Amino acid sequence: MSKAIITLTRGGFDLGKRLQQMLKDSTLYVNEKFEAEDAGIQKIEKNITAFVGEIFHQYDCLIFIMAAGIVVRAIAPYIQDKKTDPAVIVLDEKGKNVISLLSGHLGGANEYTLEIAELLRSNPVITTASDINESIAVDTLAMALNCAIEDYNDATKITAHIVNGERVGIQTDIPILLPFPENLAIADEKKVENEKYKGMIYITERQVKKDPNKDQVILRPKRIVLGIGCRKGKTEEDILNAIHTALEGLNIHPLSIKHIATVDVKKNEPGLVGAVKTLGVPLVVVNRERIAAVENEFNRSEFVEKTIGVGSVCEPVAMLSCNSGIWLQRKTAYDGITIAVMREGGVEYGNYCGRN
């Protein structure tokens, strides 16, 4: 994770140099009046607020060694959403306290705070309710399980129930190997209606029928891999329609897509690039040399082979980019677009929490 260490004072400069040596992938930014010839040290040549605006989204974590009030004013114009804001941490120039200021869970500020405090043997300051109560927040759970949160407002409601000590149930289609607070429990779906849960957490790629009388949040495990091939000129709308048709047939929510894979010759296809951007998932590009090594395992098209040099695309790119996957859908054509679908993990779905 990339980190920027930012300081304005001589004492902060000295601490910043120590910290930079301890933290990998970090850049130290210092007051322009200080001599700084070492690699990885850059000078701040603007006022602090303008400077912060330039780097706010360039790093995963911003570590300020200065007064918290200065930091609050500097970052205020650029704060947008906890899903996209970087972690922000504040240290005093003596390194006595390390404060998690922004994006404690999703941004990782709480985790970074504990790491830095351990390195400096200083005091970590974390104020998120779930952490100080030794509980767990929904966004922390989602990160640990590599899940997408379907609705962040729902997540906030469920986290409040957990932190307040109220009973919350979990139904999950994936294994969970995490310690839970006592008021958070795995629930048998056949008995949920009779249980006195204040809220429910569903961890599934499938559609969920929500109870209007109960707070609920849905977490989508990101382990679906789509392999896609397409004719030249297919539009973003064409490809999105094909993807949604495929997923609907499998009862899979789009938020469960981990990535989309394609062959190298299609990596700049406008329609495919646009569809991937709209879905907000990575595009994994597989070289034709890798496909050629395994394509005998798949049905091949002479036309495709004459066109791009390999006779199969969607199935081999899905398989080659998937970690221990199982097939959910083999090559299926959608008017010039082919899609194959795999689920990572190598296990069938729905073997947990009372599902048969």
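Residues numbered from 1 in each chain as written. Predicted model: local features only at pLDDT ≥ 70, side-chain atom pairs only at ≥ 80, totals over all residues. Heavy atoms only, no water.

Caption draft 1: Layout of the overall build of the chain. Broken down by element type, the chain carries 12 helices and 17 strands. Taken along the three principal axes of its C-alpha coordinates, the chain extends 70 × 60 × 30 Å. Counting the 356 residues in the chain, one finds 49% classified as buried. Within the chain, counting contacts between residues at least 6 apart in sequence, those at least 24 apart form 57% of the total. Here the chain displays about 17,900 Å² of accessible surface, and carbon together with sulfur accounts for 47% of that area. If you average the places of the 42 positive and of the 47 negative side-chain charges in the chain, the two averages end up 1 Å apart. (Helix = DSSP H or I, 4+ residues; strand = E, 2+ residues; numbered from the N terminus. Buried < 20%, exposed > 50% of the residue type's maximum accessible area, 1.4 Å probe, protein only. Contact = heavy atoms within 4.5 Å. Areas by Shrake-Rupley, 256 points an atom, 1.4 Å probe, with all protein chains shown as cover. Lys, Arg positive; Asp, Glu negative; His and termini not counted. Charge placed at Lys NZ, Arg CZ, Asp CG, Glu CD.)

Caption draft 2: Quick peek at the pattern of salt bridges. Using the criterion set out here, one finds 10 salt bridges in the structure. For Asp173, the salt bridge goes to Arg206, with nearest N and O atoms at 3.1 Å. Here Arg206 lies in the loop between strand E11 (199-203) and strand E12 (215-221) and Asp173 lies in the loop between strand E9 (168-172) and strand E10 (184-186), a separation of 33 residues in the sequence. Look at Asp173 and you get buried, because its relative accessible area is 0%. Look at Arg206 and you get partly exposed, because its relative accessible area is 26%. For the salt bridge of Asp335 with Lys234, the shortest nitrogen-to-oxygen distance reads 3.6 Å. You can see Asp335 sitting in the loop between strand E16 (326-333) and strand E17 (337-343) and its partner Lys234 sitting in the loop between strand E13 (224-230) and helix H8 (236-250), a full 101 residues away along the chain. (Salt bridge = Lys/Arg side-chain N within 4 Å of Asp/Glu carboxyl O.)

Caption draft 3: Highlighting the sheet that holds E10. Read across the sheet, 5 strands follow the order E8-E12-E11-E9-E10 without closing on themselves; strand pairing throughout is mixed. Strand pairing shows two members of the sheet lacking a second neighbour, strand E8 (147-149) and E10, which therefore form its edges. Geometrically, the sheet is characterised by an average inter-axis angle of 25° between neighbouring strands, direction not taken into account. Examined bridge by bridge, E9 and E10 share 3 bridges and lie parallel to one another. Looking at E10, one finds that Gly169 is bridged to Ala185. Against the sheet, helix H7 (residues 152-163) makes contact with E8, E9, E10, E11 and E12, and its axis sits at roughly 115° relative to E12, the strand it touches most. (Pairing = 2+ DSSP bridges. Axes fitted to C-alpha atoms, helices over the stretch in contact; angles between N-to-C directions.)

Caption draft 4: Region of the structure containing the pairing of E13. Most of E13 sits out of view: 7 of its 7 residues are buried. Side chains Ile224, Leu226, Ile228 and Cys230 project from E13 onto one buried face, and the interleaved Val225, Gly227 and Gly229 project onto a second face that is buried too. Looking at chain direction, E13 and strand E14 (residues 257-263) are connected through 4 bridges and run parallel. Looking at E14, one finds that Gly227 is bridged to Ala261. Read as a crossover between parallel neighbours, the route from E13 over H8 to E14 is right-handed. (Right-handed = clockwise from strand over helix to strand, strands pointing away.)

Caption draft 5: Inspection of the packing of aromatic side chains at higher detail. Taken as a whole, this structure holds 4 aromatic pairs when the rule is applied. Between Phe56 and Tyr78, the aromatic rings sit 6.0 Å apart at their centres with planes inclined by 40°, giving tilted as the arrangement. With Phe56 in the loop between helix H2 (48-55) and strand E4 (61-65) and Tyr78 in the loop between helix H3 (68-75) and strand E5 (87-91), the pair connects residues that are 22 residues apart, well separated along the chain. Relative to Trp327, the ring of Phe298 lies with its centre 6.4 Å away and its plane at 75°, an arrangement referred to as edge-to-face. Of the two residues, Phe298 is situated in the loop between helix H10 (288-294) and helix H11 (302-308) and Trp327 in strand E16; the sequence distance between them amounts to 29 residues. (Phe/Tyr/Trp six-rings, centres within 6.5 Å; stacked < 30°, edge-to-face > 60°.)

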